[in-house]
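Structural description and commentary
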Amino acid sequence: QVQLVESGGGLVQPGGSLRLSCTASRTIFSFSFMGWYRQAPGEERELVARITSGGSTNYADSVKDRFTISRDNAKNTVYLQMNSLKPEDTAVYYCNAVHLSHYWGQGTQVTVSS
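Figured I'd write up the structure that's included with this text. Here the structure is a predicted model, which is why all the values come from computation and not from measurement. (Residues numbered from 1 in each chain as written. Predicted model: local features only at pLDDT ≥ 70, side-chain atom pairs only at ≥ 80, totals over all residues. Heavy atoms only, no water.)

Turning next to the overall build of the chain. Each helix and strand in the chain was counted, giving 0 helices and 11 strands. When the helices and strands of the chain are placed in sequence order, the string is β-β-β-β-β-β-β-β-β-β-β. The C-alpha atoms of the chain give a radius of gyration of 13 Å, which matches the 13 Å a tight globule of 114 residues would have. In terms of its C-alpha atoms, the chain occupies a principal-axis envelope of roughly 40 × 25 × 20 Å. Across the 114 residues of the chain, 40% fall into the buried class. For the chain, the exposed area adds up to about 6,000 Å²; of that, 45% sits on carbon and sulfur atoms. For the chain, the distance from the average position of its 10 positive side-chain charges to the average position of its 9 negative side-chain charges is 8 Å. (Helix = DSSP H or I, 4+ residues; strand = E, 2+ residues; numbered from the N terminus. Rg over C-alpha atoms; globule rule 2.2 N^0.38 Å. Buried < 20%, exposed > 50% of the residue type's maximum accessible area, 1.4 Å probe, protein only. Areas by Shrake-Rupley, 256 points an atom, 1.4 Å probe, with all protein chains shown as cover. Lys, Arg positive; Asp, Glu negative; His and termini not counted. Charge placed at Lys NZ, Arg CZ, Asp CG, Glu CD.)

Listed below in structure tokens is the structure:
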């Protein structure tokens, strides 16, 4: 089945930046959309950002104007550029792809701490 591999997580100070990458095992153009979710301990998994095959984007209110999702079809990769990071952004970030069903990566830890 579809394999999704995330990378780019790490530890940053408030106000810093990180760029997450998600590479799929097949062309991402075939997916209805790809996106990023995050889950903090004790919290429900929430949608952070998504991008459709046509390039339309959608963001959670909490990350608008700070995060940017983009895609590179040739590399089968979707990115999440995260700027002006806050402690509340700390979570495990999961790549998600949708076509006939949802597919998930293993997640990458993002920790924002002073």
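With respect to the element layout, Val-12 can be found in strand β2 (residues 10-12). The class for Val-12 is buried, based on a relative accessible area of 12%. On a C-alpha basis, the gap between Val-12 and Ala-97 in space is 27 Å, while along the polypeptide they are 85 residues apart. Discounting chain neighbours no more than four positions away, the residues touching Val-12 are Ser-17, Leu-18, Leu-85, Thr-111, Val-112 and Ser-113. (Contact = heavy atoms within 4.5 Å.)

What follows is about the side chain of Thr-108. Mapped onto the fold, Thr-108 is located in strand β11 (residues 108-112). A polar contact is formed between the side chain of Thr-108 and the backbone nitrogen of Gly-9, at a distance of 3.2 Å. Residues contacting Thr-108, with those up to four places away along its chain left out, are Glu-6, Ser-7, Gly-8, Gly-9, Leu-20, Ala-91, Val-92 and Tyr-93. (Polar contact = N/O pair within 3.5 Å; in protein donor to acceptor, adjacent residues only side chain to side chain.)

Membership of the largest hydrophobic core comes to 29 residues, with the highest contact counts inside it found for Leu-4, Met-34, Trp-36, Leu-80, Met-82 and Tyr-93. Listed by contribution, the elements that provide at least two residues to this core are β3 (18-24), β4 (33-39), β5 (46-52), β7 (67-72), β8 (77-82), β9 (91-98) and β11. (Core = buried A, V, L, I, M, F, W, Y, C linked by side-chain atoms within 4.5 Å.)

Now for the environment of Ser-30. Take Ser-30: it is sitting in the loop between β3 and β4. Distance from Ser-30 to Thr-52, taken between C-alpha atoms, is 9.9 Å for residues 22 residues apart in sequence. Polar contacts involving the side chain of Ser-30 include one to the main-chain carbonyl oxygen of Thr-27, which spans 3.0 Å.

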